[in-house]
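Observations on the three-dimensional arrangement
What follows is each chain in one-letter form.
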Amino acid sequence: NSAVSGIFRVALASFLECARSSIFSSLGYRQMKVDAIFVRYLMPHFVKDEFGTPDANACTCLFNTIDDIVLMAGQRCVDPEVVGDDEYYDAEKDEIVTPFAIVQQFLLTGGNNVGGDSAGDILMKRISFS
């Protein structure tokens, strides 16, 4: 657990430094938010919170780093109007979507748009987005 946590910590710290030296478009910032939600969903599957206090456990530290990455991307975004906006208009489907809905749809379809009982369907039966 500590080895996996350490690897994630180094990778996320490196990603944070990359975000500090980058400039994000509005689409890049939105993609960063979707990616952050997806990584936050996957993190507990690899890093267990068996040790530590509720305030300082492995997942909490990693979640804070993910939040810092999104904040840094927001600070480095060229379009300040999209920062903090959690609803996006999807012109293809003519609907409003959120980053949570995008991740949920990805997990439901298993990464593709084929119906059936895919791995994403099985995952979604175990989780709940609220």
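Presented here is a report on the structure given in the accompanying data block. (Residues numbered from 1 in each chain as written. Predicted model: local features only at pLDDT ≥ 70, side-chain atom pairs only at ≥ 80, totals over all residues. Heavy atoms only, no water.)

**What about the environment of Gln 31?**
If you trace the backbone, Gln 31 turns up in helix 2 (residues 26-46). Residue Gln 31 is classed as partly exposed on the basis of its relative accessible area of 42%. Between the C-alpha atom of Gln 31 and that of Pro 99, which follows or precedes it by 68 residues, the distance is 8.4 Å. A polar contact of 2.8 Å, which involves the side chain of Gln 31, links it to the side chain of Asp 35. (Helix = DSSP H or I, 4+ residues; strand = E, 2+ residues; numbered from the N terminus. Buried < 20%, exposed > 50% of the residue type's maximum accessible area, 1.4 Å probe, protein only. Polar contact = N/O pair within 3.5 Å; in protein donor to acceptor, adjacent residues only side chain to side chain.)

**Topic: the pattern of salt bridges**
The full count for this structure, using the stated rule, is three salt bridges. Two residues, Lys 33 and Asp 86, come together in a salt bridge whose shortest N-O distance is 2.2 Å. Taken together, the residues span a long stretch of sequence, with Lys 33 in helix 2 and Asp 86 in the loop between helix 3 (58-75) and strand 1 (88-90) at a distance of 53 residues. In this structure Lys 33 comes out as buried when scored by relative accessible area, which is 10%. (Salt bridge = Lys/Arg side-chain N within 4 Å of Asp/Glu carboxyl O.)

**Structural notes on the layout of surface pockets**
As a volume, the largest pocket reaches approximately 430 Å³. Gln 31, Val 34, Tyr 88, Val 97 and Ile 102 are, among the 16 residues lining the largest pocket, the residues nearest its centre. Those elements that provide at least two residues to the lining of the largest pocket are helix 2, strand 1, strand 2 (95-97) and helix 4 (99-109). For the lining of the largest pocket, the leading source of residues is helix 2, giving six residues. Of the residues assigned to the lining of the largest pocket, the class counts are nine nonpolar, two polar and five charged. In this structure, the second largest pocket occupies an estimated 180 Å³ of space. Lining the second largest pocket, in full, are Lys 33, Ala 36, Ile 37, Arg 40, Asp 67, Val 70, Asp 86, Thr 98, Pro 99 and Phe 100. If you list the elements that add at least two residues to the lining of the second largest pocket, you get helix 2, helix 3 and helix 4. Among the elements that line the lining of the second largest pocket, the one with the most residues is helix 2, at four residues. (1 Å grid on protein atoms, 1.4 Å probe; cavity = no way out; pocket = protein on both sides within 12 Å on 5 of 7 lines; lining within 4 Å. Points joined across faces, edges and corners; volume = space filled by probe spheres on them. Nonpolar A, V, L, I, M, F, W, Y, C, P; charged D, E, K, R; others polar.)

**Here's the deal with the nonpolar core**
Judged by nonpolar contacts, the single largest core of 20 residues is most densely connected at Leu 12, Tyr 29, Met 43, Val 47 and Ile 66. Secondary structure elements with two or more residues in this core: helix 1 (2-20), helix 2 and helix 3. It is helix 3 that provides the largest number of residues to this core, a total of nine residues. Grouped together as the second largest cluster of nonpolar side chains are five residues, Val 34, Tyr 41, Val 103 and Leu 107 included. (Core = buried A, V, L, I, M, F, W, Y, C linked by side-chain atoms within 4.5 Å.)

**Some points on the state of the cysteines**
Within the structure shown, the criterion is met by zero disulfides. The cysteine Cys 59 is free of any disulfide, with Cys 61 supplying the nearest cysteine sulfur at 9.5 Å. Taking the relative accessible area as the measure of exposure, Cys 59 reaches 2% and is therefore buried. (Disulfide = S-S within 2.5 Å.)

**Topic: helix 2**
Between the first and last C-alpha of helix 2 there are 31 Å, a value that for 21 residues agrees with the 30 Å anticipated at 1.5 Å per step. Among all positions of helix 2, only Tyr 29, Met 32, Lys 33, Val 34, Ala 36, Ile 37, Tyr 41 and Met 43 are buried. (Expected span 1.5 Å × (residues − 1).)

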